[in-house]
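Results of the structural survey
The lines below spell out each chain.
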Amino acid sequence: MTILTKMGATKKSDVLVSVHDAKLHYQVGGAFAAMRGKSTVVKAVDGVTFDIRRGESVGLLGESGCGKTSMGRLLLKLEDITGGSIHFDGEELSKVHRKGLKKFRSKAQLIFQNPFDAINPRFTIRQTLSEPLENADIPRSEREDLIIKALELVKLPEPAQFLDRYPHQLSGGQLQRVVMARALILQPEFVVADEPVSMLDVSVRAGVLNVFRDVRDRLGLTAIYISHDLALVRYVCERTIVMYLGRIMEDGPTEDIVREPLHPYTKALVAAVPVPNPDQSHDPLPIGRGAPDPRNPPSGCVFRDRCPSAHARCAAEVPQPRPVGSRLVACHLF
Amino acid sequence: MTEPLLSVRDLRVSYQVGRNFVHAVDGASFDIPRGSITGLVGESGCGKTTVARALTRVIADNATISGGQILFDGKDLAKIPEKEMNALRWRDIAFIPQSAMNSLDPVYTVEYQLGEVLRRRGGMDRKQARARSEELFDMVGIDRGRLTDYPHQFSGGMRQRVAIALALALDPKLIIADEPVTALDVIVQRQILDQLKELQTRLGLSVILVTHDISVVAYICDRTVVMYAGKVAESGTMQQTLTAPSHPYSMGLRNAFPDLQGAASGILTPIEGAPPNLANPPAGCRFRPRCPFALDLCGSEPPVIDVAPGHPVLCHRASESENLRIEAAKTETWMARA
Amino acid sequence: MPEVAAVKTSVSEAVVPEVAAPRRPNIIARFFRTLRLPVNDPFAVAGLVIYLIFIATAIFADSIATHDPTEILYTPSYDLAADLRPGQDGFLMGTTSLGRDVFSQLIHGSRSALLIGVTAAFMVALIGSIIGLVAGYFGRWVDAVLMRLADIAFGIPFLPFVIVLAAFLKPSIWNVVLAMALVLWRDTARVIRSQVLTLRTRGYVEAARVAGSSDFRIILRHIAPNILPLSFLYGSIAIGWAILTEASISFLGFGDPDSISWGYMLQDAFASQALAKQAYYWFVPPGVCIILVVSAGFFITRGYENILFPKLNR
């Protein structure tokens with residue numbers, strides 16, 4: 001890591017984001033729960049390591065409670081990291097404050113899950129898009145121009161007509177484009193998109209996804225796409241990181257993962273994705289019943305209680321990610 | 001085909017909002033055959049949930065069934081007195097909600113709540129109710145020992161299983177499930193769907209599955225009713241409506257969904273625009289503003305054309321669907337509209 | 001590309017006069033929209049009308065009143081004008097036992113009631129809102145400290161505290177107001193804090209953070225406008241409380257002896273055994289005024305509640 005930092009000072013490193021053993025633990029329940037011997041710590045993210053190269057699109061895939069959203073928030077310094085480190089462009093995020101933070105905020109952006117909630121209902125679209133510009137001290141005379149350009153970028157037709165409207169006058173698809181425009185208006189390098197289409201109607205999802213792909217390619221963005229839906233991740237990301245209970249299970253090229261998942265959890269996940277084709281046959285799911293409990297994860301491998309191929313070693317020892325071909329897999333089978 | 005279990009004819013439901021009426025369902029007709037799973041699909045605000053609720057007449061205070069028939073076992077559910085309707089609910093038509101937490105009372109054990117239904121509505125005594133509860137838990141695949149648990153002690157997927165058990169309690173003929181798996185993760189979703197399908201086949205139930213997700217429909221359903229802006233766009237078997245759809249809206253939906261089994265390079269094509277505001281719907285065909293095949297004549301009310309037996313389509317150009325389908329598969333067709 | 005350049009120049013030309021900043025709705029209209037006066041509820045409208053009359057009376061008290069309220073008056077026959085009935089010798093509502101004009105006292109009483117009500121409401125709303133905002137937004141130890149202070153404020157017996165403090169500092173209207181503000185901020189702060197806690201989790205607040213907005217800016221632009229109606233609600237509740245409290249204190253004899261208030265009138269009437277003298281004209285009007293103004297305040301409050309929590313009324 002130190003080598004990377006030093007390199008960053010002289011020459012732009014190939015790696016934009018570097019996560020090393022990142023942890024995010026929450027305290028839940030009170031002293032009474034602790035007295036009754038219940039675990040009071042939820043390990044939302046528990047020792048995650050990965051690098052993201054410049055211009056790369058990475059999908060963070062997993063079920064609810066797997067830590068994918070927490071990981072995204074850590075990457076944007078919206079949560080304080082409990083342990084480990086995250087370097088953005090060579091700088092360690094936990095040491096970024098005030099001025100540096102302001103600069104970081106203009107470089108790293110978030111696209112929200114729920115566009116109906118992500119825009120202040122009292123603000124017009126113009127006011128909404130002006131906010132990041134004001135914070136970046138962009139003179140008033142240049143703002144209008146930038147706002148129009150950002151709205152054109154996200155393919156909102158005739159952007160000028162939207163400027164004085166309020167959010168409730170826009171459809172979900174249009175709102176999500178405004179949310180994207182706000183994220184992109186300062187030309188960031190890095191964007192985290194947290195399930196950006198899950199709240200939208202099915203007929204307009206494709207439009208938003210296409211804009212996302214198009215903008216990313218045009219601006220050369222480095223992107224994280226958080227989702228529980230492998231089909232969507234596959235549509236926008238070349239690389240996928242599969243998470244389960246705060247840990248990485250598998251990390252590799254999306255196509256490889258879709259075609260031949262290696263980790264038993266990924267196998268179940270891929271098999272479970274429904275296909276919009278009634279003629280498709282389905283195999284039974286290779287997974288046990290039950291649900292992950294983030295408060296009391298099993299010892300050793302966190303997936304072992306649902307894993308069809310779990311054995312003695314899985315309970316005793318936490319599997320470390322190991323390279324298997326083009327991928328990293330955290331499983332004792334490999 | 002034998003007589004359908006449920007036959008909805010020209011159903012209309014309107015909401016009063018201030019002094020205006022919003023026709024959330026504006027003339028919906030479809031049949032639910034015996035022993036099948038029918039998917040009622042559409043986007044938010046298309047009226048699918050309103051239809052589902054109107055079937056059991058559990059609708060909002062400001063809503064009224066303003067017309068049409070709901071024929072179930074020779075009775076018109078839109079007309080029968082409330083007392084008779086109440087007797088039908090649960091016993092003949094049961095409901096599975098999107099979030100089971102809403103239908104379960106957090107202060108009572110699951111066994112108590114199941115027992116309540118079985119004794120009050122099913123006329124069983126305590127012993128029979130207990131036996132039936134255990135049987136139901138076996139059916140939905142939950143350990144009997146968990147009968148004495150409270151709802152919050154179950155995970156989301158387990159709670160949905162409890163909701164299924166609750167719906168099955170009195171051996172209904174028809175189950176209406178409103179987005180039963182939407183809130184669940186893919187793996188649990190798949191497990192619940194498998195369970196539902198297995199029970200449906202075993203018990204010969206009829207199920208109406210209300211959902212926005214055509215992947216779920218494709219996975220589990222036999223038939224589909226596609227709704228758009230308060231009307232039924234088309235209905236038919238899965239092959240008729242999903243593999244070879246005849247309404248431009250269904251054709252558009254087909255292109256808008258990512259397919260994990262499909263080619264990696266496939267491009268998704270959205271349907272530009274947004275569903276209309278039902279307080280002020282466009283004249284004529286309601287899909288016209290978004291339809292790449294709209295003609296001048298689409299400004300008039302579209303006819304229902306049976307493109308095949310049991311496959312009605314609400315479209316002026318339904319007879320040309322063969323050709324339109326070829327056009328609709330191309331991305332340019334939909335882009336030109338924008 | 002040349003097209004883009006052309007557009008750009010035209011835009012920058014248009015923007016050259018700095019005055020042509022983005023059009024904003026005028027500031028008064030915006031203020032009233034933020035206030036969200038409850039004009040759809042007949043009771044609230046009645047309340048607003050009573051308030052308008054009350055405020056106008058207070059402002060123009062000097063011209064409406066027929067006499068100086070503290071002046072000891074005499075009849076044309078140079079007798080002390082004591083215990084005169086309404087209409088006697090031209091005294092509209094009669095006189096007190098000390099020969100003061102009841103009508104003029106009533107009119108001037110509106111002034112101290114308004115002064116107390118408005119300043120107390122303002123202070124309660126202001127202190128409560130600021131503490132609630134700060135505690136809710138920053139959370140952690142800031143929240144813990146402020147909310148424990150609120151707990152302490154909840155433990156203070158209201159009337160005795162106000163009496164003791166007002167008496168200790170010197171009986172004056174301002175000390176009564178101060179004493180009330182020191183106790184009543186707790187309700188406002190509690191409620192606003194909980195509102196802020198929910199607002200803080202809204203997507204657009206987080207979005208503002210990601211957009212690089214400072215805490216101050218987020219509080220001011222994204223959170224405060226949403227709690228303003230609540231501040232008004234608690235402010236309007238405080239008006240009623242303040243007037244009642246002042247009346248109680250004056251009635252108990254701990255009030256400011258130099259200023260005429262409705263509570264003082266009641267105390268004066270009580271001490272002069274007006275009831276025994278059946279001098280209803282003396283103590284009924286101030287009583288009615290207190291009831292009218294306080295209930296008008298609660299009608300308006302109710303109107304705000306209907307706006308804020310529309311479901312309560314179903």
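Shown above is the structure to which this text applies.
The rules we used
- Residues numbered from 1 in each chain as written.
- Chains lettered and ligands numbered in written order.
- Predicted model: local features only at pLDDT ≥ 70, side-chain atom pairs only at ≥ 80, totals over all residues.
- Heavy atoms only, no water.
- Helix = DSSP H or I, 4+ residues; strand = E, 2+ residues; numbered from the N terminus.
- Rg over C-alpha atoms; globule rule 2.2 N^0.38 Å.
- Buried < 20%, exposed > 50% of the residue type's maximum accessible area, 1.4 Å probe, protein only.
- Contact = heavy atoms within 4.5 Å.
- Areas by Shrake-Rupley, 256 points an atom, 1.4 Å probe, with all protein chains shown as cover.
- Lys, Arg positive; Asp, Glu negative; His and termini not counted.
- Charge placed at Lys NZ, Arg CZ, Asp CG, Glu CD.
- Pairing = 2+ DSSP bridges.
- Axes fitted to C-alpha atoms, helices over the stretch in contact; angles between N-to-C directions.
- Buried area = accessible area lost by both parts, 1.4 Å probe.
- Salt bridge = Lys/Arg side-chain N within 4 Å of Asp/Glu carboxyl O.
- Polar contact = N/O pair within 3.5 Å; in protein donor to acceptor, adjacent residues only side chain to side chain.
- 1 Å grid on protein atoms, 1.4 Å probe; cavity = no way out; pocket = protein on both sides within 12 Å on 5 of 7 lines; lining within 4 Å.
- Points joined across faces, edges and corners; volume = space filled by probe spheres on them.
- Nonpolar A, V, L, I, M, F, W, Y, C, P; charged D, E, K, R; others polar.
- Phe/Tyr/Trp six-rings, centres within 6.5 Å; stacked < 30°, edge-to-face > 60°.
- Lys NZ or Arg CZ within 6 Å of the ring centre and 35° of its normal.
- Parallel < 35°, antiparallel > 145°, perpendicular 65-115°, else oblique.
- Left-handed = near helix turned anticlockwise from the far one by under 90°.

Scanning chain A from N- to C-terminus turns up 13 helices and 12 strands. In terms of overall size, chain A behaves like a compact globule, its C-alpha atoms giving a radius of gyration of 21 Å where 334 residues would be expected to give roughly 20 Å. Dimensions along the principal axes, computed over C-alpha positions, put chain A at roughly 65 × 55 × 45 Å. In chain A, which comprises 334 residues, the share counted as buried stands at 56%. A separation of at least 24 residues holds for 65% of the contacts in chain A among residues at least 6 apart in sequence. When the accessible area of chain A is evaluated, it comes to approximately 13800 Å², of which 52% is carbon and sulfur surface. For chain A, the separation between the mean place of its 44 positive charges and that of its 39 negative charges on side chains is 4 Å.

Residues and elements named next belong to chain A. Spatial strand order, 6-7-8-3-9-10-12-11: eight strands in an open sheet with mixed pairing. Both edges of this open sheet fall to strand 6 (108-111) and strand 11 (322-324), since each of them pairs with a single strand only. In this sheet, neighbouring strand axes are inclined to one another by 20 degrees on average, regardless of whether the strands run parallel or antiparallel. Where strand 6 meets strand 7 (residues 190-194), four bridges bridge the pair, whose relative direction is parallel.

Facing the 44 residues of chain A at the interface are 44 residues of chain B. For the chain A and chain B pair, buried surface summed over both sides reaches about 3700 Å², with 60% attributable to carbon and sulfur atoms. Counting the contacts that link chain A with chain B gives zero salt bridges. Applying the counting rule to chain A against chain B returns eight residue pairs in polar contact (both at pLDDT 80 or more). The set of elements that each furnish at least two residues to the side of chain A that touches chain B consists of helix 9 (202-219), helix 10 (230-236), helix 11 (254-259) and helix 12 (264-272) of chain A.

Let us look at the layout of surface pockets. By rolling a water-sized probe across the atoms, one finds the places where empty space is left. Of the pockets and cavities examined, the largest pocket occupies roughly 1600 Å³. What lines the largest pocket is a set of 47 residues, and nearest its centre among them are Leu-78 of chain A together with Tyr-137, Glu-206, Arg-209 and Asp-215 of chain C. Considering only residue class, the lining of the largest pocket consists of 16 nonpolar, 14 polar and 17 charged.

Let us now look at the packing of aromatic side chains. All told, the structure shown has 18 aromatic pairs over all chains when counted by the stated rule. Between the aromatic rings of Phe-88 of chain A and Phe-190 of chain A, the centroid separation amounts to 5.8 Å while the plane-to-plane angle is 50 degrees, which identifies the pairing as tilted. On the criterion of sequence distance, the pair formed by Phe-88 of chain A in strand 4 (residues 83-88) and Phe-190 of chain A in strand 7 is long-range, its members being 102 residues apart. Relative accessible area serves as the criterion here: at 0%, Phe-190 of chain A is assigned to the buried category. Above the face of the Tyr-235 of chain A ring, Arg-213 of chain A is positioned so that its terminal group lies 4.0 Å from the ring centre. Just above the ring of Phe-154 of chain B sits the side chain of Arg-146 of chain B; from NZ or CZ to the centre is 4.4 Å.

Helix-helix packing is characterised by the crossing angle of the two axes and by the distance between the axes. All names here are of chain C. Running from N to C, helix 8 (residues 173-200) and helix 10 (residues 215-251) cross one another at 155 degrees; their axes reach a closest spacing of 9 Å. Classified by the angle between their axes, helix 8 and helix 10 sit roughly antiparallel to one another. For the pair helix 8 and helix 10, the sense of crossing is right-handed. Of helix 10, the residues touching helix 8 (which contributes Val-176, Met-180, Leu-184, Asp-187, Thr-188, Val-191, Ile-192, Gln-195, Val-196 and Leu-199) are Ile-223, Asn-226, Ile-227, Leu-230, Ser-231, Tyr-234, Trp-241, Ala-242, Thr-245 and Ile-249. When its residues are assigned to classes, the contact of helix 8 with helix 10 shows 14 nonpolar, five polar and one charged.

Our next topic: the packing of helix 10 of chain C against helix 11 (residues 262-271) of chain C. Residue and element names in this part refer to chain C. Where helix 10 contacts helix 11, the axes come no closer than 7 Å and their chain directions differ by 30 degrees. Classified by the angle between their axes, helix 10 and helix 11 sit roughly parallel to one another. Of the two possible hands of crossing, helix 10 and helix 11 adopt the one that is right-handed. For the pair formed by helix 10 and helix 11, the contact residues are Glu-246, Ala-247, Ser-250 and Phe-251 on the first element and Gly-263, Tyr-264, Leu-266, Gln-267 and Phe-270 on the second. Its residues placed into classes, the contact of helix 10 with helix 11 shows five nonpolar, three polar and one charged.

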